[in-house]
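A closer look at the structure
Okay, here's what each chain looks like letter by letter:
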Amino acid sequence: MINVLFVCLGNICRSPMAEAVFRHQLKEKHLEDRIAVDSAGTGDWHLGKPPHEGTRKLLDEYGISYSGMRARQVLIQDYQSFDYIICMDSNNERDVRQLFGSKSDNHAKVFKFMDLLPEQTSKDVPDPYYTGNFEEVYGLVSEGCARLIERIASEQSKLISE
Ligand code: 4NP
């Protein structure tokens, strides 16, 4: 099993959207028993809460499940448990690298979501908690998640085809 973790600040807007969209895409490609996905926040304000209303509304519109998802904080053990730790913005990346220590200099494991979309000028997934624009985030997240599947498939070809 390959384990993917999306990380944002509150774990109620961006990273849960990425988790739900990525899981949906994995199911469409029949990869859900090869690749597992979770999300977490660097902050602890929303622990145990379901995704933000804006994220839920958008996922409902696209018919994507977020059933059972609850906010949690990123843990130091997550560095060992996950193969890909994908940060929604530069502050999230800084904070997880600080938590994990120098071992997280490994850029194959810890990187920014927007690294999946190099043609985009923005280096961060904008935070809809402040912008209110959940649709913009959905566009980036759905394209980035599709690229992530391609990337994992090429990097882990043995695991995927076994
Ligand atoms: P997220 O958005 O990191 O995409 O979940 C935020 C959610 C909550 C807060 C900030 C950002 N907050 O300050 O409570």
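As the structure is a computational prediction, the values presented were derived from the model and not from experiment. (Residues numbered from 1 in each chain as written. Predicted model: local features only at pLDDT ≥ 70, side-chain atom pairs only at ≥ 80, totals over all residues. Heavy atoms only, no water.)

**Observations regarding the pairing of strand β3 (residues 84–87)**
Walk down a regular strand and you will see the side chains alternate between the two sheet faces. What counts is decided by this rule: Note on classification: 1.4 Å probe, protein chains only; a residue is buried when its accessible area is under 20% of the maximum for its type, exposed when over 50%, partly exposed between these limits. The secondary structure listing takes helices from DSSP runs of H or I that are at least 4 residues long and strands from runs of E that are at least 2 residues long, numbered from the N terminus. Strands are treated as partners if at least two bridges between them are detected by DSSP.
Covered by surrounding structure in β3 are Y84 and I86 together with I85 and C87, the residues of both alternating faces. Both strand β1 (residues 2–8) and β3 contribute to a ladder of four bridges, which runs parallel. By the bridge assignment, L5 is partnered in β3 with I85. By the bridge criterion, three bridges tie β3 to strand β4 (residues 110–112) in an arrangement that is parallel. Within β4, the residue paired with I85 across the bridge is V110.

**What to know about helix α4 (residues 90–100)**
The following threshold applies: Taken from the helix axis, the directions to the C-beta atoms give the arc we talk about. Pairs of N or O atoms are called polar contacts if they sit within 3.5 Å, as long as, within protein, a hydrogen donor faces a hydrogen acceptor (for residues adjacent in sequence, only side-chain-to-side-chain pairs).
Taken residue by residue, α4 has N92, E93, V96, R97 and F100 as its buried positions. End-on view of α4: buried residues confined to an arc of 130 degrees, all on one side of the axis. The residue sitting at the N-terminus of α4 and contributing the capping side-chain oxygen is D89; that oxygen lies 3.0 Å from the backbone nitrogen of N91. Just beyond α4, the residue with positive phi is G101, at close to 85 degrees.

**A look at the UniProt feature "domain: Phosphotyrosine protein phosphatase I" (unreviewed entry) in the chain**
Going by this rule: UniProt positions are given in the numbering used here, feature names are shortened, and annotations may be inferred rather than shown by experiment.
With numbering aligned to this structure, UniProt lists the feature "domain: Phosphotyrosine protein phosphatase I" (unreviewed entry) at residues 2–151. Helix and strand shares over residues 2–151 are 41% and 14% respectively, and the end C-alpha atoms of the span are 12 Å apart.

**A short note on the pattern of salt bridges**
Note that side chains of opposite charge can pair when their charged atoms are close. Short version of the rule: A pair is scored as a salt bridge if a Lys or Arg side-chain nitrogen falls within 4 Å of a carboxyl oxygen belonging to Asp or Glu.
For the structure shown, the criterion picks out eleven salt bridges. Across the salt bridge formed by D78 and R72, the nearest N and O atoms sit 2.9 Å from each other. One salt bridge connects R97 with E93, and the closest N-O pair in it is separated by 2.9 Å. Placement of the pair is R97 and E93 together in helix α4, with a separation of four residues, close to one helical turn. When sorted by exposure, R97 lands in the same class as E93, which is buried.

**Looking at the sheet that holds β4**
Rule in force here: Every angle, taken between N-to-C directions, lies between 0 and 180 degrees, and every axis is a line fitted to C-alpha atoms, over only the stretch in contact when it is a helix. Contacts: residue pairs with any heavy atoms within 4.5 Å of one another.
With respect to topology, four strands assemble into an open sheet ordered β2-β1-β3-β4, the strand pairing being parallel. Each having just a single partner strand, β2 (35–41) and β4 make up the two edges of the open sheet. Adjacent strand axes in the sheet meet at a mean angle of 25 degrees when their direction is disregarded. Looking at chain direction, β1 and β2 are connected through seven bridges and run parallel. Across the sheet, residue N3 finds its bridge partner in β2, namely A36. Against the sheet, helix α1 (residues 14–28) makes contact with β1 and β2, and its axis sits at roughly 170 degrees relative to β2, the strand it touches most. With respect to the sheet, helix α6 (residues 134–155) is in contact with β1, β2, β3 and β4, its orientation differing from that of β1 by roughly 145 degrees.

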